[in-house]
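# Summary of the model geometry
Spelled out from the first residue to the last, the chains are:
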Amino acid sequence: MTTLREMSKYAHLLEFGNDTRNYSWTQTEEEVTITMKIESTATSRQVFVGFEKQHLIAGLCGQPALIDGHLFDEVVVHDSSWSFTEGEVQITLQKKNQKWWGSAIVGDPSIDLDLIEGTKYLDVGLLEKVK
């Protein structure tokens, strides 16, 4: 039987996350990655990202935030980061507690955590063949 920790090696085969109106997100047991699409003409100086142990705000200066909310669980602020490439902001949050999140931001559409729990019983060899 494959443990959840071992399943993290197969994150490229299984995506535990969701798409929302303003961002998409994926996760492993250790971290959450949030991707925001922004105007392709925006520069890094126009982007703002701020995170605290259980709050995230991000967007473009002079506009309403694209993300502003309470995180599903606490993060380790000094181990979290963000980067900007043309048209995209990627935010990587290091989880304080190594557990699966139902959503990145509380109140946004959530995923079924029971389905993630069920992956413990997957045959990884078969999963690789299917992908």
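Below or above, wherever it landed, is the structure these notes cover. Here the residue numbering is sequential within each chain, running from 1 through the sequence in written order. A pLDDT threshold of at least 70 governs which residues receive local features in this predicted model, and a stricter bar of 80 or more applies before side-chain atom pairs are shown or counted, although totals over entire chains, interfaces and linings include all residues. Excluded from the side-chain calculation are hydrogens and water; included are all heavy atoms of the structure.

## So, the environment of Asn22
The following threshold applies: Only runs of H or I of at least four residues qualify as helices and only runs of E of at least two qualify as strands under DSSP, and these elements are numbered from the N terminus. Contacts between residues were defined by any pair of non-hydrogen atoms, one from each residue, lying within 4.5 Å. Between N or O atoms, a polar contact is any pair within 3.5 Å; within protein, one atom must be a potential hydrogen donor and the other a potential acceptor, and residues adjacent in sequence are included only when both atoms are from side chains.
By the secondary structure assignment, Asn22 is in the loop between β1 (16-19) and β2 (24-27). With near-sequence residues (within four places) excluded, Asn22 lies in contact with Met36, Lys37 and Leu66. Within the structure, the side chain of Asn22 is placed 3.0 Å from the backbone oxygen of Leu66, a separation counted as a polar contact.

## Remarks on the sheet that holds strand β3 (residues 31-37)
Stated formally: Note on pairing: DSSP must find at least two bridges between two strands before they are called paired. For helices, the fitted line uses only the C-alpha atoms of the stretch in contact; every axis is such a line through C-alpha atoms, and the angle between N-to-C directions lies from 0 to 180 degrees.
Sheet architecture is open: five strands sit in the order β1-β2-β3-β8-β7, paired in antiparallel fashion. Two strands lie at the open edges of the sheet, namely β1 and β7 (75-85), each paired on one side alone. Recorded for the sheet is a direction-independent mean angle of 15° between the axes of neighbouring strands. Bridging between β7 and strand β8 (residues 88-95) involves seven bridges; their strand directions are antiparallel. Considered in β8, the bridge of Val75 is made with Lys95.

## A short note on the pairing of β8
When β3 meets β8, the two strands line up antiparallel, connected through seven bridges. Directly across from Glu31, in β8, lies its bridge partner Gln94. Taken together, β7 and the strand that follows it, β8, pair antiparallel across an intervening segment of two residues, in which Gly87 is found at a positive phi of about 80°.

Such coordinate-based values are descriptive only and should not be taken to indicate function.
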